Amino acid sequence: MASLLCCGPKMAACGLVLSAWGVVMLVLLGIFFNVHSAVLIEDVPFTEEDFKDGPERIYRLYEQVSYNCFIAAGLYALLGGFSLQGRLNKRKEYMVR
Amino acid sequence: MGSLFRSEEVCLAQLFLQSASAYSCVSELGERGLLEFRDLNPKVSAFQRRFVGEVRRCEEMEKTFSESSGVPGGCWSRAPRTRGHRWRGRLCGCRSSRSSWRRSCGRSAATVPPCAGACGSCASTSTSCARASASPVRRPPWAPRRGPGRSPSVSPSSTLPCTSTLTARSTSWLASFTRGRVNAFERLLWRACRGYLVASFVEMPEPMEDPATGESITWVIFLISYWGEQIGQKIRKISDCFHCHTYPYPESEASRADTMSGLHSQIQDLSVVLEETEQYLAQVLDKVVLALPAWRVQVQKMKAIYLILNQCSFDVTEKCLIAEVWCPVRDLTQVQDALRQGSYKSGSSVECFVQRIPTSESPPTLIRTNKFTAGFQSIVDAYGVASYQEVNPAPYAIITFPFIFAIMFGDVGHGLLMFLFALWMVLYENSPSLRQASNEIWLTFFEGRYLILLMGAFSIYTGFIYNECFSKATVIFPSAWSVATMANHSSWSSAYLATHPSLTLDPNVTGVFQGPYPFGIDPIWSLATNHLNFLNSFKMKMSVVLGIVHMGFGVLLGVFNHVHFQQRHRLVLELLPEMVFLLALFGYLVFLIFYKWVKFSAADSLVAPSILIHFIDMFLFTSNAGNLPLYRGQVPVQTVLVVLALASVPVLLLGTPLYLCCQQRAARTGRPAPVTAEEQEPLLEGQEAGSSVNATKEDVESGGHGPDAKHLDFAEIFMHQAIHTIEYCLGCVSNTASYLRLWALSLAHAQLSEVLWTMVMRNGFVRLNYVGGVVLVPVFAAFAVLTVAILLVMEGLSAFLHALRLHWVEFQNKFYVGAGYKLCPFAFAPNAWE
């Protein structure tokens, strides 16, 4: 795969670091949302209605947010893959500096 | 103890170097980097020193190296050792031969352009001669129009072939020179020869390189035809004045053609020769470029050795160089070994030797560090280099500095990022791209990589204590507070919940609070609205406790100084009152804090006494009815403590000066005073005088006063002691308050972190459909960038600065003088030669 990012090695390194951090943090966040952690209650976009009839609706909201986090983590994994590819390609193309 | 505890013993020594082996001995010493040489000829200017000629030659060689190649120095890991004088001569010869090669090549190149020019102009003029009938003779435009009969050259119809009809022989000169002087030359020719010449000027189509200066000049070629020998001589003289290159111009066509072909073949030969020479020159230069870095290092080392030799003095017999050096006592045998090797290498039979000499000056400070401790030592040295053999605060700073930083920075996520960044730097510390970067800011971070590593590790620890990870609490253990129990007990109805936005969990109700959280702060506090009320109380008390412990430790470190410098009276007369003052007042405060934490629980929360009011009442000797005592007999205990503290102030103020006064009086009345105290007088002066950051060497060395001067110094001692007392007593109060910055910065960090999460990251969770996942990607990127920029870099630097200030001012002014100077050994270290 050609280096789609067309940026220098430093940008690719930044992208790699950001992607790694993003994958780890978003996966963990997703897990914590999935477990319905009380600490994250403020981040769930609930309304007044969701507090009726027991916690089930809140739990569904929690799970939806967790799926969003996993999607974002997956996107970051893709981004990290691109950065890695770009870096490996560039390394092969570069002459001895 | 190891050398990090206090600086090493350094002595003044004299080196006796044979003239013949001086160079190689100094070279050996430079390779090992042990000694600092002192300048024995301070009053001699740089131009009058003995080895100034050698230094100049080395500098010239350096200049040649730098201008002849732009190749930057490669890696110096295998820096070559210096060699002797003869080798330097060879180097000079090599360099001069190279420059002469260049010159000779240039010279041979210089002969070509005129020939080529001559050929070219020959070709052009001969073609113009062929068409001479058509072209009019050029006439100087400014010459006045003369009558047609006046001079034959003016007539427009006369052409070159017409000249052959004239009686006189017409000889032509072919010359070339630069364009700028054409007009002047023309004018002069015209005026001098009064028109009895025919000149045609042709500009060369392409510029050619002047061999002498190397710049490309456009040449103008002119052909002068004239009649008469005298005119010819005039023209020759004029063209000599103008520095023209002149060539004879053959008359007949055939000879012209011959000359042209001859010149062409000459040009060809010359160009072949030039090509070969260029190739050879390129080869020679390639070889030189390979050897150039090594030569450069050699020359730099040579220059350094001669600069050192300039600092030595010659003895009377002119056969021996004497050098005065500061040498660590531990290395004296190594120095002797180096001298022996140097003498052996230079082949002299007499050995050089080193001899220790006594001195009353204060020697420089030498603390040997490795790559780990170098960072911590440098932040201590930035405040002031330790005085000779003073106790060194660096080994304690290895732990206290990262810990105090971490208290202000406590967050697991940020600490982890910092730790990983430092770990990367540490693992790749030997990579040359990291080591030899030119960016200064990066180099600063790289030098402190172990510092940052420890700071990150400790921040993870304090992050777990504060229970903060990117401003979110982690529920490692189940929370100790039970909301369900409280709800059941209070039977909150829906109406009640609707009208009361905040609910209180009362720990007095059984089952609501099940005991303290095993490690750190309970995660339920991150959901509580009175989160800050609880944390503020906790963090302020923690800051005060840590501050008093840190300062007490600083005062205790003074014990080592007093014992080492044989000033045991200071133990009783200074250390004891200082400790009593600190502990009676602020140690008691620490005790009150812990006592209240232990003795009072949620059951007595309504009637719990306020420590602050008790503390104020202690000083004012009053009491407050509403404030219950913490324990029985509190008031008399506090009174005793305050009296003790106040009593220690005059002891601190007058103790040492009176003691010294008595000692001095005893010495003057003839009784043998203890020798140690007298000998240490200079050091005592230095200690007193050097209590400020910028005390210079002269202050420290100002010992050696005569006994008469001691009486005057008594006033000085008194004043210094008074300043010290006031500084200490007021400092105790203000420095304790200063430690509250630990609370302030940790609060700021926590709040910034929370704001960043609430205002940036939360926006990524708002959308509930699957588009939310895509939106979360740029939101997280923004969160990451802002975290690094604001929370890691800005807050990190801020916490670093405050931790540094707490060490430099609050901790070190309890025991540290810092008025020394570093031992800078003469060494050929690789990173010094860039």
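Conventions adopted
- Residues numbered from 1 in each chain as written.
- Chains lettered and ligands numbered in written order.
- Predicted model: local features only at pLDDT ≥ 70, side-chain atom pairs only at ≥ 80, totals over all residues.
- Heavy atoms only, no water.
- Buried < 20%, exposed > 50% of the residue type's maximum accessible area, 1.4 Å probe, protein only.
- Helix = DSSP H or I, 4+ residues; strand = E, 2+ residues; numbered from the N terminus.
- Phe/Tyr/Trp six-rings, centres within 6.5 Å; stacked < 30°, edge-to-face > 60°.
- Lys NZ or Arg CZ within 6 Å of the ring centre and 35° of its normal.
- Polar contact = N/O pair within 3.5 Å; in protein donor to acceptor, adjacent residues only side chain to side chain.
- Contact = heavy atoms within 4.5 Å.
- Patch = residues over 30% accessible without salt bridge, like charges linked within 9 Å, V, L, I, M, F, W, Y side chains within 5 Å.
- Areas by Shrake-Rupley, 256 points an atom, 1.4 Å probe, with all protein chains shown as cover.
- Salt bridge = Lys/Arg side-chain N within 4 Å of Asp/Glu carboxyl O.
- Buried area = accessible area lost by both parts, 1.4 Å probe.
- Disulfide = S-S within 2.5 Å.

A. Local environment of helix 1 (residues 22-32) of chain B. Residue and element names in this part refer to chain B. In terms of burial, helix 1 is largely enclosed, as nine of its eleven residues are buried. Regarding helix 1, the residues found buried are Ala22, Tyr23, Ser24, Cys25, Val26, Ser27, Glu28, Leu29 and Gly30. Directly beyond the C-terminal end of helix 1, a positive phi value near 65° is found at Gly33.

B. Quick peek at the packing of aromatic side chains. Counted by the stated rule, this structure contains 45 aromatic pairs over all chains. Centroid distance Tyr396 of chain B to Phe553 of chain B: 5.2 Å. Interplanar angle 80°. Geometry classified as edge-to-face. Taken as a pair, Tyr396 of chain B in helix 10 (residues 394-409) and Phe553 of chain B in helix 17 (residues 531-564) lie far apart in primary sequence, 157 residues in all. The class for Phe553 of chain B is partly exposed, based on a relative accessible area of 30%. Ring geometry for Phe826 of chain B and Phe828 of chain B: centres 5.3 Å apart, planes at 75°, overall edge-to-face. Residue Phe826 of chain B shares its accessibility class with Phe828 of chain B, and that shared class is buried. Taken together, the ring pairs connect Trp21, Phe33, Tyr62 and Tyr76 of chain A together with Phe470, Trp757, Phe765, Phe780 and Phe783 of chain B into an aromatic cluster. For Lys539 of chain B, the ring lying beneath its charged end belongs to Tyr466 of chain B, and the centroid distance is 4.4 Å.

C. Representation of the side chain of Gln377 of chain B within the structure. Residues and elements named next belong to chain B. Along the chain, the position of Gln377 falls in helix 9 (residues 373-383). Gln377 gets classed as buried once you look at its relative accessible area, which sits at 5%. A distance of 2.8 Å separates the side chain of Gln377 from the side chain of Asn392, its partner in a polar contact. Beyond its immediate chain neighbours, meaning those up to four positions away, Gln377 contacts Leu4, Ile367, Thr369, Asn392 and Ala394.

D. Broad picture of the environment of Pro364 of chain B. Residue and element names in this part refer to chain B. Looking at the secondary structure, you find Pro364 in the loop between strand 11 (353-357) and helix 9. A relative accessible area of 0% places Pro364 in the buried class. Linking Pro364 and Ala386, residues 22 residues apart in sequence, is a C-alpha distance of 9.2 Å. Non-local contacts of Pro364, meaning those with residues more than four positions away in its chain, are made with Val10, Glu36, Trp326, Tyr388, Tyr821, Lys822 and Leu823.

E. Representation of the side chain of Asn735 of chain B in the model. All names here are of chain B. With respect to the element layout, Asn735 can be found in helix 24 (residues 709-738). Under the relative-accessibility criterion, Asn735 is labelled buried at 5%. A distance of 3.4 Å separates a polar atom in the side chain of Asn735 from a polar atom in the side chain of Ser734. Leaving out residues up to four positions away in the same chain, Asn735 has contacts with Met551, Glu810, Asn813 and Lys814.

F. Structural view of a nonpolar patch on the surface. Taken together, Val24, Val27, Leu28, Ile31, Phe32, Val35, Tyr67 and Phe70 of chain A together with Tyr770 of chain B make up a surface patch of nonpolar side chains, about 820 Å² in accessible area. Elements that contribute at least two residues to the nonpolar patch include exactly helix 1 (9-34) and helix 2 (56-93) of chain A. Secondary-structure assignment places Tyr770 of chain B in the loop between helix 25 (741-759) and helix 26 (771-811).

G. Highlighting the interface of chain A and chain B. Between chain A and chain B, the residue contacts involve 24 residues of the former and 27 residues of the latter. A combined buried area of about 2200 Å² lies between chain A and chain B, and 77% of that area is made up of carbon and sulfur atoms. For chain A, the biggest contributors to the area lost against chain B are Trp21, Val39 and Asn68 of chain A; these three give 30% of the whole. At the junction of chain A and chain B, the tally comes to two salt bridges. Arg762 of chain B is the partner of Asp43 of chain A in a salt bridge, and the nearest nitrogen-oxygen pair spans 2.8 Å. Here chain A and chain B share seven residue pairs in polar contact (both at pLDDT 80 or more) between them.

H. Main features of the state of the cysteines. Residue and element names in this part refer to chain B. Applying the stated criterion across every chain yields a total of zero disulfides over all chains. For Cys312, which is in no disulfide, the shortest distance to another cysteine sulfur is to Cys320 and amounts to 9.9 Å. For Cys352, which is in no disulfide, the shortest distance to another cysteine sulfur is to Cys25 and amounts to 3.5 Å. Exposure remark for Cys352: the relative accessible area of 1% places this residue in the buried category.

The values are spatial; any link to function lies outside them.
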